[in-house]
Amino acid sequence: MSGYSPEVVAAVKELLDVGIALSAEKNHRKLLERILREARRITQCDAGTLYLVEGGKLTFQIIQNDQLQINQGGLGEEINLPPVEMDETAVAGYCALHKETINISDVYHTETKGIDFSGPRRYDAITGYRTVSMLVVPLEDHDGIIIGVMQLMNAKDSEGQVIPFAHYIEQVVLALASQAAVAISNMRYLAEIDGMLHSFVRVISTAIDERSPYNANHTRNIARLSGKFAHYLKERKNGLAEELSEGEVEQLVMSAWLHDIGKIAVPLEIMDKPSRLGERYELVQNRLMMIREQRKVKAVKSALKHEQLKTTDDIAVFWKQIAVIEEEMDNAAALLAKANNPATFVDLQLQELIRETAEHTWITAEGSTEQWLTPAEMEALLVPRGTLTNQERQTIENHVIITKKMLDQITFGEKYAAVPGWACAHHEFLDGSGYPQKLKAVELPLPVRILTIMDIYDALTAQDRPYKKALPTEKAFAIITDMAEAGKLDGELVRLFVESRIWEE
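Residues numbered from 1 in each chain as written. Predicted model: local features only at pLDDT ≥ 70, side-chain atom pairs only at ≥ 80, totals over all residues. Heavy atoms only, no water.

A. Region of the structure containing the overall build of the chain. Helix and strand counts for the chain stand at 18 helices and 10 strands. The C-alpha radius of gyration computed for the chain amounts to 37 Å, which surpasses the reference 23 Å derived for 505 residues by more than 25%, pointing to a less compact arrangement than a globule. Principal-axis analysis of the C-alpha atoms gives the chain an extent of 130 × 45 × 40 Å. The proportion of buried residues among the 505 residues of the chain is 45%. Residue pairs in contact within the chain that sit at least 24 positions apart in sequence constitute 64% of those at least 6 positions apart. For the chain, the computed accessible surface area is about 26400 Å², with 54% contributed by carbon and sulfur atoms. Computed over 54 positive and 74 negative side-chain charges, the separation of the two mean positions in the chain equals 6 Å. (Helix = DSSP H or I, 4+ residues; strand = E, 2+ residues; numbered from the N terminus. Rg over C-alpha atoms; globule rule 2.2 N^0.38 Å. Buried < 20%, exposed > 50% of the residue type's maximum accessible area, 1.4 Å probe, protein only. Contact = heavy atoms within 4.5 Å. Areas by Shrake-Rupley, 256 points an atom, 1.4 Å probe, with all protein chains shown as cover. Lys, Arg positive; Asp, Glu negative; His and termini not counted. Charge placed at Lys NZ, Arg CZ, Asp CG, Glu CD.)

B. Quick look at the environment of Q349. The topology assignment puts Q349 in helix α12 (residues 348-359). Taking relative accessible area as the criterion, Q349 reaches 61% and is therefore assigned exposed. Between the C-alpha atoms of Q349 and I145, which are 204 residues apart in sequence, the distance is 79 Å.

C. Quick peek at the pairing of strand β1 (residues 45-54). Most of β1 is tucked away, with eight of its 10 residues classed as buried. With seven bridges joining them, β1 and strand β7 (residues 146-156) adopt antiparallel strand pairing. By the bridge assignment, Y51 is partnered in β7 with V149. Bridge count between β1 and strand β2 (residues 57-65): eight bridges; the pairing is antiparallel. Within the sheet, the bridge partner assigned to G48 lies in β2 and is Q64. (Pairing = 2+ DSSP bridges.)

D. Representation of the packing of aromatic side chains within the structure. What the rule picks out here adds up to nine aromatic pairs. A ring pair is formed by F477 and W503, whose centres lie 4.7 Å apart and whose planes are at 70°; its orientation type is edge-to-face. Placement of F477 in helix α17 (residues 473-485) and of W503 in the segment after α18 (491-500) is noted, with a sequence separation of 26 residues between them. When the ring centre of Y108 is taken as origin, the NZ or CZ atom of R121, which lies over that ring, is 5.6 Å away. Just above the ring of Y108 sits the side chain of R130; from NZ or CZ to the centre is 3.8 Å. (Phe/Tyr/Trp six-rings, centres within 6.5 Å; stacked < 30°, edge-to-face > 60°. Lys NZ or Arg CZ within 6 Å of the ring centre and 35° of its normal.)

E. Up close: the packing of helix α11 (residues 312-340) against α12. For the pair α11 and α12, interaxial distance at closest approach is 11 Å and the crossing angle is 130°. Looking at the two axes, α11 sits oblique to α12. The two elements α11 and α12 meet at a crossing, and its hand is left-handed. Contacts between α11 and α12 pair A332, L335 and A339 from the former with L350, L353, I354 and T357 from the latter. Partitioning the contact of α11 with α12 into residue classes produces six nonpolar, one polar and no charged. (Axes fitted to C-alpha atoms, helices over the stretch in contact; angles between N-to-C directions. Parallel < 35°, antiparallel > 145°, perpendicular 65-115°, else oblique. Left-handed = near helix turned anticlockwise from the far one by under 90°. Nonpolar A, V, L, I, M, F, W, Y, C, P; charged D, E, K, R; others polar.)

F. Layout of the nonpolar core. The biggest cluster of nonpolar side chains holds 47 residues, and the ones touching the most others in it are F229, L258, I450, I480, L489 and F497. If you list the elements that add at least two residues to this core, you get α5 (167-210), α6 (218-236), α8 (246-258), α14 (390-407), α15 (419-423), α16 (446-461), α17 and α18. Broken down by element, the residue count for this core peaks at eight residues, all from α16. In this view, L258 contacts V201, S205, T403, L407, F412, V419 and A423; residues no more than four positions away in its chain are not counted. Core analysis: the second largest hydrophobic core is formed by 28 residues, A39, C45, L139 and V173 among them. (Core = buried A, V, L, I, M, F, W, Y, C linked by side-chain atoms within 4.5 Å.)

The analysis is restricted to geometry; functional conclusions fall outside its scope.
Given below as structure tokens:
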């Protein structure tokens, strides 16, 4: 770069280095802070302010002042200042409206373009600071839209004396401002895309939960509990926290939102099955009523055919027969009601009574002889615990496989690359007894272990399930602790979850 002064060459080199640094920064607040800090370093100025355009006004983002030891915004103290109006009287507003750089040697001795410098002067009066030189540059993105303004104050020479901003430095700062605007815009676009992905995930998850009036809060609860517990671990700063980065926490929460989307393919009559017979219970009740009446009619016809209703004694015997029929049918109805109740444990004795009842026959309206219970109904009533048959349970468990198929169709990118695998592993256990892949401890990372515990806890304590009563927290903890002792769940995580008390919030 022969022909240029050493100052210009050094500034250009610094600008290139800063551009690389800005493109690598991923944290929005750190990015804004770095933009202003690097601009001040290049220009050797004492103070600066960075504004962004929001809602048609210039909002304070970063305020730095070495003399007053002020570092606000970004990772520093919170800024409690009202936004600046976008009008021509304020220097920052004029810069934004006209997309024009303003270089002032002394704000107390200038009448530049009718701009009102009373703002800096009032600031000086309040703080005791003395604003002299000022360089104000617009932040213009690649579409030519002003997204903010950078205001630099009091450039200094090598001896620390306040001097005007050199004219050659304007172009350097403008180039930096352009790089900064692109970096900010790109980060905003990424944030918008990220926000759209999160919104899509929440909408889909909510839609799936809302299919069932009994499952509307489950996904939200899992996402909330998983995020809170992960941050609890990080705040404790123990060995587990060191394994969990902020990016993994974000992926964990998204996995929680998506863990049950495969349930969209599960029929509601299975997913919300409130009893062993479910919707068929009313059909079985009606059938028993028909059988009751059919048996009584048959008794009447038999008595008439054999002329057994002529005497008082005959009639008494007949009514005893009817009473026996009524009692038998009442007992059958009560037995089936008991077996249908999900709270009932269907032990071997109860199973035998169900089989005996099912084997009785009756004549249908079509004239065929059928058993009181169909094979499918008997299979459902013989389920020892819960409401699902083996086939129905397999259908439920298949939701994890369907979840994987659905998530495989989504491009998550590097940032969320782990989400599909984690979301599909929330029913796996450390001892390999879970499903669908029978994964073991070495294959289950910390986020999956957290997700599994949160899923089980919420399922145990949920108050909106028709097939079971909500368990109190202490009972739920006893169950997951037993599962940990049996080698299914991470015992240390279970202990810390109980200790955290995050479920109370």
